[in-house]
Amino acid sequence: MIRLENLRKVFSGSTRPAVTDLTMDIARGECVTLIGPSGCGKTTTLKMINRIIEPTSGQITVDGRNAMAIPVHELRRSIGYVIQQIGLFPHRTIAQNIGTVPSLLGWDDTRIADRVEELVETVGLDHEMLGRYPSELSGGQQQRVGVARALAADPPVLLMDEPFGAVDPIVRNRLQAEFHELQDSLGKTVVFVTHDVDEAIFLGNRMAILEMGGILAQYDAPEKILAEPASMFVERFLGGERGLKRLSLLAVIDAGLERGPFVDVTAGPEEARRVMEANAVDWLGLLDGDRLLGWVDGSRVGSSQLRDLEPRSFLVTLDSRDSLRTALDAVVTSHARVAVVVDDGIYRGMLDLEAIAGEVTE
Amino acid sequence: MTLVGQAAPLIDWEWIGRNMDQIVERTWEHLGLTAVSVLLGLVISVGLAIIALRWRWTYAPITWVTGLLYTIPSLALFALLVPIVGLNATNAVIALTSYTLLIIIRNLVAGIDGVPASVTEAADGMGYTPQARFWRMEVPLALPAIIAGLRIATVTTVGLVTVTAVLGLGGYGFFILRGLNTFFWTQILVGVVLSVVLATLLDVGFVWLERVLSPWARGRQ
Ligand SMILES: Nc1ncnc2c1ncn2[C@@H]1O[C@H](COP(=O)(O)OP(=O)(O)O)[C@@H](O)[C@H]1O
Ligand SMILES: [Mg+2]
């Protein structure tokens, strides 16, 4: 779908190339993560694909067409683009921002409005935000708008330059998980630049590791690279704990969740005690049907109806799409014994440190 | 207690009533001189700002020349222009316009320069042509700064118009000058107060204009 051939960029005033004879094939529907140390030429490579930077030499083919031979504006309108600074247009409403490329392509207003409505659903935004201006949104919401805007004209190719770099870690994990799922359903051809190894492993079908000067050090599936780093550089770049990094490849839901000591609020004290005993714990999780209410201390069970006990919130709540790496970080940093997995309020199961550790050694 | 021996009241309302026609006429003159000068200043500034943005090296000489114009005392500038264009409205407009240039150009260039690089990069990446990007991204985003420049230029010009009284024009300045010559306080006060009121009204007008044209900038700055 995208083919880079001997791509080279030497910036004027510089003697060493920023990108050196890079050759890469990116298949249709594949998400390739470009990763490497700061200044290694990731952004330069990405921007050559939509010709924001003109290559010094080499060939770029996008969807079978020579990218150099297409008028640059036409090329760019057929490629979705998300940058780290988000770059929403401050003077345009969210709806207008999302509709940018369709309106450049001359779609009529109703078609644009329909498409915007659809995308708001896709990226998980509120409809009421459509009339607002970007400055009225949080960083995470703005980044969602950035993704929606890139997807607007349904381009086959998506270029993303550290798209989740500007948001805080918790929001970033959520956005990564959602993007992972989105990519599964949309099947775009994605080139995703990041400097975060876990993100590259989690999102990439293949990872391209670049050395300084834009030299391709290794290009393969994350599992392969983790198992067999091609060089000292790659090994050192991935850092220690390659076993831990594998966790980024797995979603929480893959870890075999347990139900844990959870009962419905309608349960009687005997059942509650039996469940705690069976799980060998001194606390009890409360559910209202499928919905998670919280937990209560074992000593309070039996003192009154479960319904009347005021449950406390769990320290760590995960989404089933989060990576196990995210789960591990959350559990360790919060000193929690368990993490509960909840999708839109619905309880899916729980996970403890041992369950995660089991996945590392496997 | 009453003040004894005060020759004339500070404000002679009767004079104002008798001269309403003239006040209205001078209002139009004042507004006309201000509007023509600021609009002309805007047109010239846009041209110069486009040159300065296109060829960066021209910005320093442009601000140097317009800055120099700005420092010439207004009375001197009117006098300097008399041998060239005479004692008339053209003289006044040339001088007044030249005072607006520095402020408007600086705000135009600063406004365009203030557009975040992320916005221009995103616009390029979405497939905007350079021209479309300029008119649909950079200009609207620079609008608050541009309007701020026009606002200062306008208020300054309203004040300066009074000085054109020496050319036989002056808008409200006409009353001030004649009042000073005849020690007639009412005329001086009418000239000063109306000039301040006009400047304030125009100032408020620009604030409103900014709100209407740049609703997205509300609550910022
Ligand atoms: N516009 C430019 N002009 C000159 N040098 C540049 C330009 N953009 C990037 N570079 C240089 O090219 C190299 C690669 O930059 P970049 O692709 O931005 O790195 P990365 O995105 O991997 O951090 C760096 O040494 C950087 O200084
Ligand atoms: Mg970069």
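It should be emphasised that the depicted structure is a prediction, and the values quoted were computed from it without experimental measurement. Numbers given to residues run from 1 along each chain, matching the order in which its sequence is written. In the order they appear in the text, chains get letters beginning with A and ligands get numbers beginning with 1. For this predicted model, a pLDDT threshold of at least 70 governs which residues receive local features, and a threshold of 80 or more governs which side-chain atom pairs are given and counted, while totals over whole chains, interfaces and linings are taken from all residues. Side-chain calculation: all heavy atoms of the structure are included, whereas hydrogens and water are not.

**A few points about helix α12 (residues 269-279) of chain A**
Residues and elements named next belong to chain A.
- Residues Ala272, Val275 and Met276 constitute the buried set of α12. Buried residues in α12, looked at end-on, bunch into an arc of 95°, giving them a common side. Projecting away from the buried face of α12 at angles above 90 degrees are the exposed residues Glu270, Arg274, Glu277 and Ala278.
- Note on contacts: a residue pair qualifies if any of its non-hydrogen atoms lie within 4.5 Å across the two residues. The numbering of helices and of strands both runs from the N terminus, where a helix is a DSSP run of H or I of at least 4 residues and a strand a run of E of at least 2. Its buried side turned inward, α12 meets β11 (262-264) and β12 (283-288).
- Positive phi shows up at alanine 280, right after α12, with a value of about 55°. Relative accessibility under 20% of the residue-type maximum defines a buried residue, over 50% an exposed one, and the middle range a partly exposed one, all with a 1.4 Å probe and only protein chains included. Working note: the arc is built from the helix axis to C-beta atom directions.

**What to know about the site of ligand 1**
Residues and elements named next belong to chain A.
- If a single non-hydrogen atom of a residue is within 4 Å of a molecule or strand, that residue counts as near it. What surrounds ligand 1 is the set Phe11, Ala18, Ser38, Gly39, Cys40, Gly41, Lys42, Thr43 and Thr44.
- Polar contact is the term for a pair of N or O atoms within 3.5 Å; when the atoms are in protein, one must be able to donate a hydrogen and the other to accept it, and sequence-neighboring residues count only if both atoms are side-chain atoms. Here an oxygen atom of ligand 1 and a backbone polar atom of cysteine 40 are 3.2 Å apart.
- One of the side-chain nitrogen or oxygen atoms of threonine 43 is found 2.7 Å away from an oxygen atom of ligand 1.
- The Shrake-Rupley method, run with a 1.4 Å probe, gives the accessible areas here. Residue values count only the displayed protein chains as cover. Out of a free accessible area of 560 Å², ligand 1 has 54% covered by protein chains.
- Three residue categories are used. Nonpolar comprises Ala, Val, Leu, Ile, Met, Phe, Trp, Tyr, Cys and Pro, charged comprises Asp, Glu, Lys and Arg, and polar comprises the others, including Gly. Partitioning the shell around ligand 1 into residue classes produces three nonpolar, five polar and one charged.

**Describing unusual backbone geometry**
- With phi around 70°, Ile86(A) is a residue other than glycine that occupies positive phi space.
- By the secondary structure assignment, Ile86(A) is in the loop between β6 (79-82) and α3 (94-98).
- The exposure class of Ile86(A) is buried, given its relative accessible area of 8%.
- We note that Phe183(B) has phi near 55°; this positive angle belongs to a residue other than glycine.

**Considering the domain arrangement of chain A**
Residues and elements named next belong to chain A.
- Per the annotation, domain bounds derive from an automatic or database assignment of domains. Here chain A is partitioned into domain 1 (2-247) and domain 2 (252-361).
- Centre-to-centre separation of domain 1 and domain 2, based on C-alpha positions: 37 Å.
- Contacts between the two partners involve twelve residues from domain 1, matched on the other side by twelve residues from domain 2.
- Considering only the side of domain 1, the residues that lose the most area to domain 2 are Arg174, Leu244 and Leu247, jointly responsible for 47% of the buried surface there.
- Salt bridge, as applied in this entry: a Lys or Arg side-chain nitrogen positioned within 4 Å of an Asp or Glu carboxyl oxygen. Between domain 1 and domain 2 we count three salt bridges in total. Summed over both partners, the accessible area lost on bringing two parts together, with a 1.4 Å probe, is the buried area.

**Some words on the nonpolar core**
Residue and element names in this part refer to chain A.
- Judged by nonpolar contacts, the single largest core of 79 residues is most densely connected at Met24, Ile98 and Phe179.
- Ranked by residue count, the leading element in this core is helix α6 (residues 139-151), at five residues.
- Ignoring sequence-local partners within four residues, the contact set of phenylalanine 179 consists of Leu158, Met160, Phe164, Val190, Phe192 and Leu203. Residues enter a nonpolar core if they are buried and are Ala, Val, Leu, Ile, Met, Phe, Trp, Tyr or Cys, with the set joined through side-chain atoms within 4.5 Å.

**Here we look at the interface of chain B and chain A**
- Counting residues at the interface gives 19 residues for chain B and 22 residues for chain A.
- Summed over both partners, the interface of chain B with chain A buries about 1,900 Å², with 66% contributed by carbon and sulfur atoms.
- Ranking the residues of chain B by area buried against chain A places Glu121(B), Met126(B) and Trp216(B) at the top, with a combined share of 34%.
- Note that Glu121(B) and Lys47(A) form a salt bridge whose closest N and O atoms lie 3.5 Å from each other.
- Where chain B touches chain A, the interface holds six residue pairs in polar contact (both at pLDDT 80 or more).
- Contributions of two or more residues to the side of chain B that touches chain A are made by α6 (117-126) and α7 (130-161) of chain B.
- By residue number, the principal contributor to the side of chain B that touches chain A is α6(B), which donates eight residues.
- Per-class residue counts for the side of chain B that touches chain A are eleven nonpolar, four polar and four charged.

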